[in-house]
Amino acid sequence: PTGFDAVVPMGAPWSVYDEASVGSWVIPELRFLQQAHREGVPVLGICFGGQLLAQAHGGAVKRSAAPEVGWSVIESDDEGLVPGGPWFEWHYDRWLLPPGAVEIARNSCASQAFQLGRNLAVQFHPELDSSMLAGWLRTGGEREASELGVEPEHLLRETRLRDEANGERAGRLVDAFLDRVAVA
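Residues numbered from 1 in each chain as written. Predicted model: local features only at pLDDT ≥ 70, side-chain atom pairs only at ≥ 80, totals over all residues. Heavy atoms only, no water.

1. What about the packing of helix 1 (residues 19-39) against helix 2 (residues 48-56)?
(1) Moving on: Interaxial distance between helix 1 and helix 2 falls to 9 Å at its minimum, and their mutual angle equals 75°. By the angle between their directions, the pair helix 1 and helix 2 is classed as roughly perpendicular. Residues Trp25, Val26, Glu29, Leu30, Leu33 and Gln34 of helix 1 touch helix 2, and the partners they reach there are Phe48, Leu52, Leu53, Gln55 and Ala56. (Axes fitted to C-alpha atoms, helices over the stretch in contact; angles between N-to-C directions. Helix = DSSP H or I, 4+ residues; strand = E, 2+ residues; numbered from the N terminus. Parallel < 35°, antiparallel > 145°, perpendicular 65-115°, else oblique. Contact = heavy atoms within 4.5 Å.)

If you want it as C-alpha cells, here you go:
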C-alpha cells in the first residue's frame, strides 16, 4: 500500500462474511488494509470498502435487520467531514465499529460513517450518479430493487434530480477526507 497516496476500496455486490463468494480474495484485501493502516496510508472505504475497514480493524460485519436501498437521510456529528442529509445506499449489511473508531454518522438502521486514524469509512455511495445507477439497474439491480418493493424507475428519477447536488456533496466529503483524515 505504500506505493499509493491513498486507497479507496469501493462497493461490491457481496458481503464481507460471504466466504463462498469472496473467500479467495477478501482475506488478502483485509491484510492489505491492515498494512495500509500500519504504514500510515490513508483509506477511504465506500460501502463494502467501509465494511472491509471495520472487519480489518477488529469490528464485524453482520446482516442488517432491513436492507437500505435508495436515498437515506443520515445524521452527522461532523458536518464538515461527513455532511448529513440524503446519501444513496444499496446494501444488506451493517458494521459493528472496530475498537478505537469514532462514529461520525448514523441513521435509524445502522452506523453510517466512522474514522479510525487515517481511515474513513462510509456505508453509503457518495460517488453515485444517475448514469452509474442506470448501469446497476441494468445488471441485476432492477430485479433486486423490485423484489424489495423499491420501484427502480423512481430511484432513477430521484437520482437524476439529485445528481448535481450529490456531486457537490461528494466533492466536499472527498476534500474533507484529504484535508482532515489523510493528513492526520
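And the narrative resumes.
2. A few points about the packing of aromatic side chains
(1) Moving on: Scanning the entire structure with this criterion turns up eight aromatic pairs.
(2) Moving on: Between the aromatic rings of Trp95 and Phe114, the centroid separation amounts to 5.0 Å while the plane-to-plane angle is 90°, which identifies the pairing as edge-to-face. Here the residue Trp95 occupies a position in strand 3 (residues 85-96), and Phe114 occupies one in strand 5 (residues 111-116), the gap between them amounting to 19 residues.
(3) Moving on: By the ring-pair criterion, three or more aromatic residues cluster together here, those being Trp71, Phe88, Trp90 and Trp136.
(4) Moving on: The ring of Trp87 has Arg169 lying over it, and the distance from NZ or CZ to the ring centre is 4.0 Å. (Phe/Tyr/Trp six-rings, centres within 6.5 Å; stacked < 30°, edge-to-face > 60°. Lys NZ or Arg CZ within 6 Å of the ring centre and 35° of its normal.)

3. Regarding the pairing of strand 3
(1) Moving on: In terms of burial, strand 3 is largely enclosed, as nine of its twelve residues are buried.
(2) Moving on: With eleven bridges connecting them, strand 2 (residues 60-76) and strand 3 associate as antiparallel partners. In the sheet register, Gly70 faces strand 3, and the bridge partner there is Glu89. (Buried < 20%, exposed > 50% of the residue type's maximum accessible area, 1.4 Å probe, protein only. Pairing = 2+ DSSP bridges.)

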